[in-house]
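# Notes for the structure review
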Amino acid sequence: MKIVVIGGTGLIGSQVVTTLKTAGHEVLAASPNTGVNAVTGEGLAQALKGASVVVDVANSPSFADDAAMNFFVRAGQNLAEAEKKAGVSHHVALSVVGTELLLDSGYFRAKLAQEELIASAGVPWTLVRATQFFEFVAAIASAALVDGVARVTSALIQPIASADVAAKVAEAALAPPRNSMVEIAGPERLPMAELVKRHFDGIGELRDVITDDTAAYFGVVLAGPWLTPTGDAWLSQRRYGDWLAAQPKRVA
């Protein structure tokens, strides 16, 4: 079966490509640096020729409101049109747990627009909504620093390893379309302030971490467990502390 992975050279996409190739499928890693640009439409028709499944794990290179909206809407429209012309039978996309609750952020407004476009495009679909990746925790911690002190909300978070996300996306690509959403998360639900403290402790960086529920999460003040799944989510077994301990140590 031919499967096209949009964003197939990125963090998640490269792992999805490897998994699907190992399973014996013909897989095309599609991204601008391989000549396929979903936002402009360049190379899409040729890339999707003969494809049964399209997996979209591409992410906007900018979190700015207008740029993110332009990226996700234009790419979504171009993909839907190209998929219908090519006879693609299943569109799988990666999104974020809690997207509809995080609309103070232009990025999440764009993600919601992408989800709505997929559901109405007329191509059978599956949405995989994941919690934040372990690989993103460093960025969360860095963004929380003010004068060397991390001010972080106590709102709950339930992070997951990118490898587990990629495995579930690949699994969805090989399954029949759900025409619905599935949520996936890591095994530990904990306050974000605690997660940030574990990050700094784990990398050997002495930082004060202060719990501050007015501290924004990338522009959004969290008013509840918005970053955790609410239904019957699939939970991975890989824990953040074990993952962090296995990462290459930074050289001073």
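Above: the structure in question.
Rules and cut-offs
- Residues numbered from 1 in each chain as written.
- Predicted model: local features only at pLDDT ≥ 70, side-chain atom pairs only at ≥ 80, totals over all residues.
- Heavy atoms only, no water.
- Core = buried A, V, L, I, M, F, W, Y, C linked by side-chain atoms within 4.5 Å.
- Buried < 20%, exposed > 50% of the residue type's maximum accessible area, 1.4 Å probe, protein only.
- Helix = DSSP H or I, 4+ residues; strand = E, 2+ residues; numbered from the N terminus.
- Salt bridge = Lys/Arg side-chain N within 4 Å of Asp/Glu carboxyl O.
- Pairing = 2+ DSSP bridges.

### Details of the nonpolar core
Among the nonpolar cores identified, the biggest contains 47 residues, and Ile6, Leu48, Met192, Val196 and Leu222 are the most heavily contacted of them. For this core, the secondary structure elements donating two or more residues are β1 (2-6), α2 (44-48), α3 (65-86), α4 (106-120), α5 (137-143), β7 (149-152), α7 (192-202) and α8 (240-245). Of all hydrophobic cores here, the second largest spans 24 residues; its members include Ile3, Leu20, Ala173 and Ile184.

### What to know about the pattern of salt bridges
Going through the model one piece at a time under the given rule, you end up with 11 salt bridges. Its salt-bridge partner being Glu81, residue Lys85 comes within 3.2 Å of it at the nearest N-O pair. Residue Lys85 and its partner Glu81 are located together in helix α3, separated by 4 residues, close to a single helical turn. By relative accessible area, Lys85 is classed as exposed at 68%. For the salt bridge of Arg239 with Glu188, the shortest nitrogen-to-oxygen distance reads 3.1 Å. Of this pair, Arg239 sits in the loop between β12 (234-235) and α8 while Glu188 sits in the loop between β9 (180-185) and β10 (190-191); the two residues are 51 residues apart in sequence, bridging distant segments of the chain. With a relative accessible area of 40%, Arg239 lands in the partly exposed category.

### Topic: the sheet that holds strand β11 (residues 209-211)
Taken in spatial order, the 3 strands make up an open sheet running β6-β7-β11, and their pairing is mixed. Each end of this open sheet is capped by a strand with a single partner; those strands are β6 (145-146) and β11.

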